[in-house]
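Chains, contacts and geometry: an overview
Next come the chains, spelled out residue by residue.
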Amino acid sequence: MTGSRCSGRGFEQVAGNGLLHRRLFLTKTASLAGAAGLGFMTARPAAAQAQLDVPEWTKVPGAPMSGYGSPSPHEAHVQRAFFSRPGTVGSGASQTPLEQLEGIITPSGLHFERHHNGIPAIDPGRHRLVIHGLVARPLMFDLESLARYPLISRIQFLECSGNGRANDAPEPPQVPVSQIHGLVSCSDWTGVPLSVLLDEAGVEPEARWIVAEGADSAAMNRSVPMAKALDDAMIALYQNGERLRPDNGYPMRLFLPGYEGNMSIKWLRRIEVTAEPMMTREETSKYTDLLPDGRALQFTFQMGVKSVITSPSGGLEMQGPGLYQISGIAWTGAGRIRRVEVSADGGQTWAEAALTDPLLPISLTRFRMPWRWDGGPAVLQSRAIDETGAVQPTRAALHARLGTRFDYHHNAIQSWLVAADGAVSNIYA
Ligand SMILES: Nc1nc2c(c(=O)[nH]1)N[C@H]1C(S)=C(S)[C@@H](COP(=O)(O)O)O[C@H]1N2
Ligand SMILES: [Mo]
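Residues numbered from 1 in each chain as written. Chains lettered and ligands numbered in written order. Predicted model: local features only at pLDDT ≥ 70, side-chain atom pairs only at ≥ 80, totals over all residues. Heavy atoms only, no water.

For the rest of this paragraph, the subject is the sheet that holds strand E24 (residues 378-386). Strand order in the open sheet made by the five strands is E21-E20-E24-E25-E26, with antiparallel pairing throughout. Lying at the two open borders of the sheet, with one neighbouring strand each, are strand E21 (351-352) and strand E26 (424-427). Sheet topology note: the E24/strand E25 (residues 415-418) ladder contains four bridges and is antiparallel. For Leu380, the partnering residue across the bridge sits in E25 and is Trp416. (Pairing = 2+ DSSP bridges. Helix = DSSP H or I, 4+ residues; strand = E, 2+ residues; numbered from the N terminus.)

Structure below.
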């Protein structure tokens, strides 16, 4: 985090508690001069080149090439946090370390994972995908025949609908942001449009749903409306330019843009075309939201509009009063993020954040906000608004709509308390 005790001038305060105009981060004006004028620069004046010593790594030849690169050993702390269900090893979830990342792409090795019975050891040469059921011509594909169809690529997020659930605890959990909101990641996905394959199989007129099934020992399956299958569903083969990672469905997965992650069946081996949903375990006993009156919402497919400030965030320390850049991510299953607003006074006043290009539909969107922290207590919040006009709800508004017994689809505003000593903690505001 960049902090500075310089005075900072030239930028107007636009909301309470030191929020400054976002123009610093808008492409056209984000010049070095502008940043220096603000007092953002943390460099010390250097009198002469002589002050720059020659370190040992400059005096010897460097290391050789490698077949597959790895992060710097100095970044070894950047890890997914994970837990397994008691008595299991591969059943559970790992979370993307959002507080350690910038931009919008999640490195493949840090994509969150959710497995219901571990990662299957699939031999890609023996893996098959079958499309059958209400079709004129049942079809079987291997990896090679699939990859010959015209491929498409899209940068899109995937979010488990259990993301954010940690904030259901009676007391706000004091854990890094990743352990509350890290079941969301964003990749460049490349694969075959499912509509092309369904077209080739010849969908019968009465077909309204498909049921997708995985080759893991959970044999996880979900029903998907035919409209989605024919719209933007993809059989993903590549993730960030390389083959899918085993963790994320190697050698092929269903990818349903903007829909709850559970439906994007990994290790995909079967698509059955049906007239009705199958009412599988994952869409009846799980992934439904219990309402106060005892009924439950079923088939909440599209993920709501959401955002979270990743820097500063829970467990991080502010380096004294001065100028900071607040940074975070916003996303919506509905399309593009239109606007993100930030508050430093617990939601009393808001100001518009700068959105960093590219602004893609159903992708993470990075936002930034300049903030002059005066050293007093502050409550930081972000609120996203998407292109349909949907506004990210407060915790109270979400509870008013769904009660307190629902288990999925948490998209409430996150609040971070910055204390006078610089410690950042999670609060319910
Ligand atoms: N075959 C299979 N597909 C699956 C799962 C699974 O356990 N088995 N988990 C689902 C859940 S709940 C989510 S949130 C996403 C997670 O995808 P990821 O592990 O690539 O992040 O995969 C879904 N697809
Ligand atoms: Mo999930």
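So, next bit.
Okay, the site of ligand 1 next. In the vicinity of ligand 1, 21 residues are found, and the nearest of them are Phe112, His116, Asp216, Arg253 and Lys266. In this structure, an oxygen atom belonging to ligand 1 sits 3.0 Å away from a main-chain N or O atom of Arg114. In this structure, a nitrogen atom belonging to ligand 1 sits 2.7 Å away from a side-chain N or O atom of Asp216. When ligand 1 sits alone it has 540 Å² of accessible area, and the protein chains cover 100% of it. The element best represented in the shell around ligand 1 is strand E5 (residues 113-115), accounting for three residues. Of the residues contributing to the shell around ligand 1, the split by class is seven nonpolar, eight polar and six charged. (Near = heavy atom within 4 Å. Polar contact = N/O pair within 3.5 Å; in protein donor to acceptor, adjacent residues only side chain to side chain. Areas by Shrake-Rupley, 256 points an atom, 1.4 Å probe, with all protein chains shown as cover. Nonpolar A, V, L, I, M, F, W, Y, C, P; charged D, E, K, R; others polar.)

When cut into domains, the protein gives domain 1 (113-287) and domain 2 (306-427). Computed over C-alpha atoms only, the centres of domain 1 and domain 2 are separated by 29 Å. Each partner contributes residues to the interface: domain 1 has 27 residues there, and domain 2 has 27 residues. Summed over both sides, the interface of domain 1 with domain 2 buries roughly 2100 Å², with 54% coming from carbon and sulfur. Where domain 1 meets domain 2, there are two salt bridges. For Asp407, the salt bridge goes to Arg165, with nearest N and O atoms at 3.1 Å. The tally of links from domain 1 across to domain 2 stands at 14 residue pairs in polar contact (both at pLDDT 80 or more). For the side of domain 1 that touches domain 2, the secondary-structure elements that each account for two or more residues are strand E8 (152-159), helix H3 (178-181) and strand E9 (184-193). (Domains from an automatic or database assignment. Contact = heavy atoms within 4.5 Å. Buried area = accessible area lost by both parts, 1.4 Å probe. Salt bridge = Lys/Arg side-chain N within 4 Å of Asp/Glu carboxyl O.)

Hydrogen bonds along the backbone pair up the strands of a sheet, which may run parallel or antiparallel. The strand order across the open sheet formed by three strands is E3-E4-E5, and the pairing between neighbours is antiparallel. Two strands lie at the open edges of the sheet, namely strand E3 (81-84) and E5, each paired on one side alone. Between one strand axis and the next, the sheet turns by 5 degrees as a mean value, whatever way the strands run. Sheet topology note: the E3/strand E4 (residues 92-95) ladder contains four bridges and is antiparallel. The partner of Ala81 across the bridge, within E4, is Gln95. (Axes fitted to C-alpha atoms, helices over the stretch in contact; angles between N-to-C directions.)

Within helix H6 (residues 395-402) the residues assigned to the buried category are Arg395, Leu398 and Leu402. For H6, the angular spread of buried residues about the axis comes to 65 degrees, placing them on one side. Those residues of H6 that are exposed and aimed more than 90 degrees away from the buried face are Ala396, Ala400 and Arg401. Where H6 terminates, the next one or two residues include Gly403, which has phi positive at roughly 80 degrees. (Buried < 20%, exposed > 50% of the residue type's maximum accessible area, 1.4 Å probe, protein only. Arc of directions from axis to C-beta.)

Okay, the state of the cysteines next. Note: disulfide means a covalent bond formed between the sulfur atoms of two cysteine side chains. Following the criterion strictly, the structure yields zero disulfides and no others. Here Cys186 is not cross-linked by a disulfide; its sulfur's nearest cysteine counterpart is in Cys160, at 16 Å. (Disulfide = S-S within 2.5 Å.)

Moving on to the side chain of Ser327. As for its placement among the helices and strands, Ser327 is situated in strand E19 (residues 322-331). Engagement of the side chain of Ser327 in a polar contact is seen with the side chain of Glu102, the distance being 2.6 Å. Once you skip the residues sitting within four places of it in the chain, Ser327 turns out to touch Glu102, Ile309, Thr310, Ser311, Arg366, Phe367 and Arg368.

Glancing now at the pattern of salt bridges. Applying the stated criterion across every chain, the model contains 21 salt bridges. Arg245 is the salt-bridge partner of Glu242, the closest N and O atoms lying 2.8 Å from each other. Judged by its relative accessible area of 24%, Arg245 is partly exposed. Where salt bridges share partners, they join Arg22, Arg339, Glu341, Glu352 and Arg383 into one cluster.

Ranked by size, the top nonpolar core spans 38 residues in total, and within it Leu19 and Trp371 carry the most contacts. Those elements giving two or more residues to this core turn out to be E9, strand E18 (306-311), E19, strand E20 (337-343), strand E23 (365-373), E24 and E25. Of the residues forming this core, the biggest block, five residues, is contributed by E19. When residues of this core are assigned to domains, at least three fall in each of domain 1 (113-287) and domain 2 (306-427). Of all hydrophobic cores here, the second largest spans 34 residues; its members include Ile131, Leu146, Trp209 and Met263. (Core = buried A, V, L, I, M, F, W, Y, C linked by side-chain atoms within 4.5 Å.)

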